[in-house]
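Close look at the chain arrangement
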Amino acid sequence: MRPRILVVDDDEKITSLLRRSLAFEGYEIMTANDGLSGLKTMLTSEPDMVVLDVMMPNVDGWEVCRRIRESGSTVPILMLTAKDEIKDRVKGLDMGADDYLVKPFALEELLARVRALLRRKSDKADTGAGRLVFEDLVLDIDSREAIRSGRAFDLTSKEFDLLHLFMQNPRRVLARETIMEKIWGYDYSGESNVLEVYIAMLRQKTEEGGAKRLIQTVRGTGYVLKGENG
């Protein structure tokens, strides 16, 4: 069965381009030209992925993303934005987006990101039940929830993937390139700081209440999950 992708964008040129290009790649495409229509289609048709523009009239992409996540859906969401400021990227990620792409974008890069997100979705379906534990941090694979010192907190899709990778490799230094490949499935440009943004968000959640840092920076290399005593 072909993966179904919902494209939500009020720019007909972009919608038309993505409809043709994604269909050529073998995907089944649904489109919506505003946030409300996109939200209705999303909740009634259950696509395998959503490509979502941010700047739309009435209901913007951030609000659509928030409502999708509030519905309980974990569908991968790739946000398209004309804004390249860190605060705007973080806002989208906080709302539950899995990835973002700044307009104007190269079609080849968008297709690569679509493939990566759908591959990650497929990998998650094969993930077995159980828990991963490191010191006082617990990651529940089934609920996709993290617990630290009895305090539970929710994770976005990409936050879960990243923490899952660390907890599968405790005390092992993971190079930045390795993390990018395993989590996003393709190479970002060297100037991209998306990994640093996600690390900061994970640290904020895991260190709430003054808890000690577990995700350590290894300068010039990458990151490692370890406690104060190793």
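Only a predicted model underlies this, so the values are computations on that prediction, with no experimental measurement involved. (Residues numbered from 1 in each chain as written. Predicted model: local features only at pLDDT ≥ 70, side-chain atom pairs only at ≥ 80, totals over all residues. Heavy atoms only, no water.)

Side note on the UniProt feature "modified residue: 4-aspartylphosphate" (unreviewed entry) in the protein chain
For the record, the criterion: UniProt positions are given in the numbering used here, feature names are shortened, and annotations may be inferred rather than shown by experiment. Note on definitions: a residue-residue contact is assigned when non-hydrogen atoms from the two residues lie within 4.5 Å.
Sites flagged by UniProt as "modified residue: 4-aspartylphosphate" (unreviewed entry) map to Asp-53. In contact with Asp-53, other than residues within four places in its own chain, are Val-8, Asp-9, Asp-10, Gly-61, Leu-80 and Lys-103.

A few points about the sheet that holds strand S7 (residues 137-140)
Our working rule: A pair of strands counts as paired when DSSP detects no fewer than two bridges linking them. Under the DSSP-based scheme used, a helix requires at least four consecutive residues in state H or I and a strand at least two consecutive residues in state E, with every element numbered from the N terminus. Helix axes are fitted only over the stretch in contact, all axes being lines through C-alpha atoms; the angle between N-to-C directions runs from 0 to 180 degrees.
Taking strand neighbours across the sheet as the criterion, the four strands line up as S6-S7-S8-S9 in an open arrangement whose pairing is antiparallel. Of all the strands in the sheet, just strand S6 (131-134) and strand S9 (151-154) have a single pairing partner and so form its edges. The average angle at which neighbouring strand axes cross in this sheet is 20°, direction not considered. Relative to strand S8 (residues 145-148), S7 runs antiparallel, the two being bridged by four bridges. Bridge assignment links Leu-139 to a residue of S8, and that residue is Ala-146. Contacts from helix H6 (residues 157-168) reach S6, S7, S8 and S9 within the one sheet, and its direction differs from that of S7 by about 120°. Relative to S9, helix H8 (residues 194-206) is tilted by about 150°, and along the sheet it contacts S8 and S9.

Overview of the packing of helix H7 (residues 176-184) against H8
Helix packing for two helices is described by the angle between their axes and how far apart those axes are. Note the threshold: Note on angle classes: values under 35 degrees are labelled roughly parallel, values over 145 roughly antiparallel, values of 65 to 115 roughly perpendicular, and the remainder oblique. Polar here means any residue outside two lists: the nonpolar Ala, Val, Leu, Ile, Met, Phe, Trp, Tyr, Cys and Pro, and the charged Asp, Glu, Lys and Arg; Gly therefore counts as polar.
Their axes nearest at 11 Å, the elements H7 and H8 cross at an angle of 85°. Between H7 and H8, the angle falls in the class roughly perpendicular. Along the contact surface, H7 presents Arg-176, Ile-179, Met-180 and Trp-184, while H8 presents Val-194, Leu-195, Glu-196 and Tyr-198. Of the residues in the contact of H7 with H8, the class split is six nonpolar, no polar and two charged.

Concerning the side chain of His-164
Put simply, the rule is: Relative accessibility thresholds used throughout: buried, under 20% of the residue-type maximum; exposed, over 50%; partly exposed, between the two (1.4 Å probe, protein chains only).
Tracing the backbone shows His-164 in helix H6. By relative accessible area, which is 13% here, His-164 ends up buried. With near-sequence residues (within four places) excluded, His-164 lies in contact with Leu-132, Leu-139 and Ile-141.

Description of the packing of aromatic side chains
Convention followed: Only Phe, Tyr and Trp rings take part, Trp by its six-membered ring, and two of them pair if their centres are within 6.5 Å. Stacked means planes under 30 degrees apart, edge-to-face means over 60, and tilted covers everything else. Two thresholds decide whether a charge sits over a ring: the Lys NZ or Arg CZ must be within 6 Å of the ring centre and within 35 degrees of the ring normal.
Inspection of the entire model under this criterion finds zero aromatic pairs. Above the face of the Phe-160 ring, Arg-144 is positioned so that its terminal group lies 3.8 Å from the ring centre.

Overview of the sheet that holds strand S12 (residues 222-225)
The strand order S10-S12-S11 describes an open sheet built from three strands, whose pairing is antiparallel. The open sheet is flanked by strand S10 (174-175) and strand S11 (215-218), the only strands paired with a single partner. Here S10 pairs with S12 via two bridges, running antiparallel. Looking at S12, one finds that Ala-175 is bridged to Gly-222. H6 rests against S10, S11 and S12 of the sheet, and its axis sits at about 65° to S12.

Thoughts on the side chain of Asp-53
How we decide: Here a polar contact is recorded for every N or O atom pair within 3.5 Å, except that within protein the pair must consist of a potential hydrogen donor and a potential acceptor, and residues adjacent in sequence are included only if both atoms are side-chain atoms.
Mapped onto the secondary structure, Asp-53 falls in strand S3 (residues 49-53). You can call Asp-53 buried: its relative accessible area is 3%. Side chain to side chain, Asp-53 and Lys-103 meet in a polar contact 2.9 Å long.

A few points about the pairing of strand S4 (residues 77-81)
For clarity, the cut-off: Here the term right-handed applies to a crossover when the path leading from its first strand over the helix to its second strand runs clockwise, the strands being oriented away from the viewer.
By the criterion of burial, S4 is predominantly enclosed, with five of the five residues buried. Side-chain alternation along S4 places Ile-77, Met-79 and Thr-81 on one buried face and Leu-78 and Leu-80 on a second face that is also buried. As defined by bridge partners, S3 adjoins S4 across four bridges and the pair is classed as parallel. Looking across to S4, one finds that Val-51 is bridged to Leu-78. The β-α-β motif built from S3, the intervening helix H3 (residues 61-70) and the parallel element S4 has right-handed crossover chirality. As judged from the four bridges shared by S4 and strand S5 (residues 99-102), these two strands associate in the parallel manner. Across the sheet, the residue bridging to Met-79 is Tyr-100, located in S5.

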